[in-house]
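Results of the structural survey
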Amino acid sequence: MADADDERFRAEIERLHMRLEWISEEEARSAMVGGVAAQGQFYPERDRIIKRTDEVLDEWAALINARSVGQCQRNTR
């Protein structure tokens, strides 16, 4: 179960990272030619992605901590 959960979190982080990278590239290209992406078109989406990334990382950290506590409890019995 741990491997499946970890893989799900990794996949979500990777998906978010790829989208954020694409936005950054679009903004950089747009800045060179004065396009709309350089004028903040993607700011709301970028903020949403960063917020979601923080949420996913927090969820993953909580899962890891819960596993550690469970492992420690099993080891002390």
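In what follows, the structure referred to is the one given above.
Scope of this entry: the structure provided in the associated data block.

Calculation criteria
Residues numbered from 1 in each chain as written. Predicted model: local features only at pLDDT ≥ 70, side-chain atom pairs only at ≥ 80, totals over all residues. Heavy atoms only, no water. Phe/Tyr/Trp six-rings, centres within 6.5 Å; stacked < 30°, edge-to-face > 60°. Helix = DSSP H or I, 4+ residues; strand = E, 2+ residues; numbered from the N terminus. Buried < 20%, exposed > 50% of the residue type's maximum accessible area, 1.4 Å probe, protein only. Lys NZ or Arg CZ within 6 Å of the ring centre and 35° of its normal. Salt bridge = Lys/Arg side-chain N within 4 Å of Asp/Glu carboxyl O. Polar contact = N/O pair within 3.5 Å; in protein donor to acceptor, adjacent residues only side chain to side chain. Contact = heavy atoms within 4.5 Å. Core = buried A, V, L, I, M, F, W, Y, C linked by side-chain atoms within 4.5 Å.

1. Some details on the packing of aromatic side chains
Under the criterion given, the structure shown has two aromatic pairs. Ring geometry for F9 versus W60: centroids 5.6 Å apart, planes at 10°, classification stacked. Placement of F9 in helix α1 (residues 2–33) and of W60 in helix α2 (residues 43–75) is noted, with a sequence separation of 51 residues between them. Residue classification places F9 among the buried positions, given a relative accessible area of 4%. Centroid distance W22 to F42: 5.4 Å. Interplanar angle 80°. Geometry classified as edge-to-face. One end of the pair, W22, is in helix α1; the other, F42, is in the loop between α1 and α2, with 20 residues separating them in the sequence. Against the face of F9 rests R8, its NZ or CZ located 4.5 Å from the ring centre.

2. What about the pattern of salt bridges?
Inspection of the entire model under this criterion finds eleven salt bridges. Here E7 ties to R10 by a salt bridge, and the two come within 4.0 Å at their closest N and O atoms. Taken together, the residues E7 and R10, both in helix α1 and three residues apart, mark about one turn of the helix. Looking at E7, the relative accessible area reads 46%, which means it is partly exposed. Using a relative accessible area of 44% as the deciding quantity, one classes R10 as partly exposed. Of the charged contacts, one joins E55 and R52 as a salt bridge, the two residues approaching to 3.4 Å between their closest N and O atoms. Residue E55 and its partner R52 are both found in helix α2; the two are separated by three residues, about one turn of the helix.

3. Regarding the side chain of T53
Mapping T53 onto the fold places it in helix α2. According to the relative accessible area criterion, T53 is buried, its value standing at 18%. Here the side chain of T53 touches I49 through a polar contact of 2.8 Å, landing on its backbone oxygen. Once residues lying within four places of it in the same chain are set aside, the contact partners of T53 are I13 and L16.

4. Some details on the nonpolar core
Among the nonpolar cores identified, the biggest contains eight residues, and these are F9, L16, I23, A37, F42, I49, V56 and W60. Breaking this core down by element, the ones donating at least two residues are α1 and α2.

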